[in-house]
Amino acid sequence: MKYGIVVDSGCDITSLGAKATEKIDFTRVALKLDIGDQEFVDDFNLDIEEFMKAMYAYKGKTGSAAPSPQDWINAYEKSEYIFAITITGTLSGSYSSAKTALDMFKEQYPDRKIHLIDSKSTGPEMTLIVNKLTEYMSQDMDFEDIVKHIDAYCKRTHLLFVLKSLDNLVKNGRISKLAGSIAGILGIKILGTATPDGDLGVLQKCRGKMTAYDQLIEEMLTRQYSGGKVTIAHCFALDTAEYIASNLKKKFPDCDIEIMPTSGLCSYYAEQGGILVGFEV
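The rules behind the values
- Residues numbered from 1 in each chain as written.
- Predicted model: local features only at pLDDT ≥ 70, side-chain atom pairs only at ≥ 80, totals over all residues.
- Heavy atoms only, no water.
- Core = buried A, V, L, I, M, F, W, Y, C linked by side-chain atoms within 4.5 Å.
- Buried < 20%, exposed > 50% of the residue type's maximum accessible area, 1.4 Å probe, protein only.
- Helix = DSSP H or I, 4+ residues; strand = E, 2+ residues; numbered from the N terminus.
- Contact = heavy atoms within 4.5 Å.
- Phe/Tyr/Trp six-rings, centres within 6.5 Å; stacked < 30°, edge-to-face > 60°.
- Lys NZ or Arg CZ within 6 Å of the ring centre and 35° of its normal.
- Pairing = 2+ DSSP bridges.
- Axes fitted to C-alpha atoms, helices over the stretch in contact; angles between N-to-C directions.
- Parallel < 35°, antiparallel > 145°, perpendicular 65-115°, else oblique.
- Left-handed = near helix turned anticlockwise from the far one by under 90°.
- Nonpolar A, V, L, I, M, F, W, Y, C, P; charged D, E, K, R; others polar.

- As named in an unreviewed UniProt entry, the chain is DegV family protein, taken from Candidatus Cellulosilyticum pullistercoris.

1. Here we look at the nonpolar core
Part 1 of the argument: Grouped together as the largest cluster of nonpolar side chains are 55 residues, with contacts concentrated most on I5, F51 and V130.
Part 2 of the argument: If one sorts the elements of this core by residue count, helix α5 (residues 123-138) sits on top with 7 residues.
Part 3 of the argument: When neighbours within four sequence positions are excluded, V130 is seen to be in contact with I5, V7, C11, I13, L16, F26 and I85.

2. Here we look at the packing of aromatic side chains
Part 1 of the argument: Applying the stated rule across the entire model yields 11 aromatic pairs.
Part 2 of the argument: Ring centres 6.4 Å apart and planes at 50 degrees place the aromatic pair F51 and Y268 in the tilted group. Of this pair, F51 sits in helix α2 (residues 48-57) while Y268 sits in helix α11 (residues 264-270); the two residues are 217 residues apart in sequence, bridging distant segments of the chain. The two residues F51 and Y268 agree in class, both being buried.
Part 3 of the argument: Within the aromatic cluster, the residues linked to one another by ring pairs are Y3, Y81, F83 and F143.
Part 4 of the argument: It is R112 that lies over the ring of Y109; its NZ or CZ is 4.5 Å from the centre.

3. Re the sheet that holds strand β1 (residues 3-8)
Part 1 of the argument: Strand order across the open sheet formed by 4 strands is β2-β1-β6-β7, with parallel pairing between neighbours. Looking along the sheet, the strands with just one partner apiece sit at the ends: β2 (24-29) and β7 (113-118). Strand-to-strand twist across the sheet, computed as the mean angle between neighbouring axes with direction ignored, equals 15 degrees.
Part 2 of the argument: With 6 bridges connecting them, strand β6 (residues 81-86) and β7 associate as parallel partners. Following the sheet pairing, I82 is matched in β7 by I114.
Part 3 of the argument: α5 rests against β1, β2, β6 and β7 of the sheet, and its axis sits at about 175 degrees to β1.

4. What about the packing of α5 against helix α6 (residues 143-154)?
Part 1 of the argument: The contact between α5 and α6 brings their axes to 10 Å, and the two run at 150 degrees. Regarding the angle of α5 to α6, the classification is roughly antiparallel. In this structure, α5 crosses over α6, and the sense of that crossing is right-handed. Facing E125, L128, I129, K132, L133, Y136 and M137 of α5, the residues of α6 in contact are I146, H149, I150, Y153 and C154.
Part 2 of the argument: In terms of residue class, the contact of α5 with α6 is built from 9 nonpolar, 1 polar and 2 charged.

See the structure below:
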């Protein structure tokens, strides 16, 4: 393959589609999810429903582990021109591992070209970046031009999320205990965002069955969303994802919206009912 796109399993996408796959190799490098003594590999074979059942049944320590540098190198070796995208480096060691692998890879293959992107985000925002890369690669753009264009594109994408529980984010030090203690009390949902530095921040605490999702759309508009591409990832909350999509379509009838289930990693952190929305401006 001439081009290769390598992501970690913070990205929910499972395939580029048959047409794109003809000229682009797509590889997802798996993180591992630990539930007590059980280790779940977050690859395409993971049964998310069974994993979530095990997670909620276990009351002890749980966590995630980044792919090893060798896992990344194995993926890099598949292609001549490689673009790698990781979950935010503040949430996982995946970016650090991918960077170590890149340095090792360049020593072994000095003539290969590779560009590593810390998404400063996760899930659907990573999917937007992958889809845009696929678009550029399908146009047979030069490697350097793709680098320039994709880096500029990353500055135009955003992530918002609505979570009913922040338990796993708090337990793993990804968000403050104060915010976590509020979520889930009296039906409160948390509307949050990925910050420009890749941290997870709380924007609003919302009461009411659908208030948080209406506020999410309003936040999109505040951030100058005007009908660009949207990816909605949900953790067993398809009806809610469709509610958001339907309301966006009322405002922007021609907008391109993709809905998909969360990967194992995003399911672990978003938890049951979690919604993540990536969008471009």
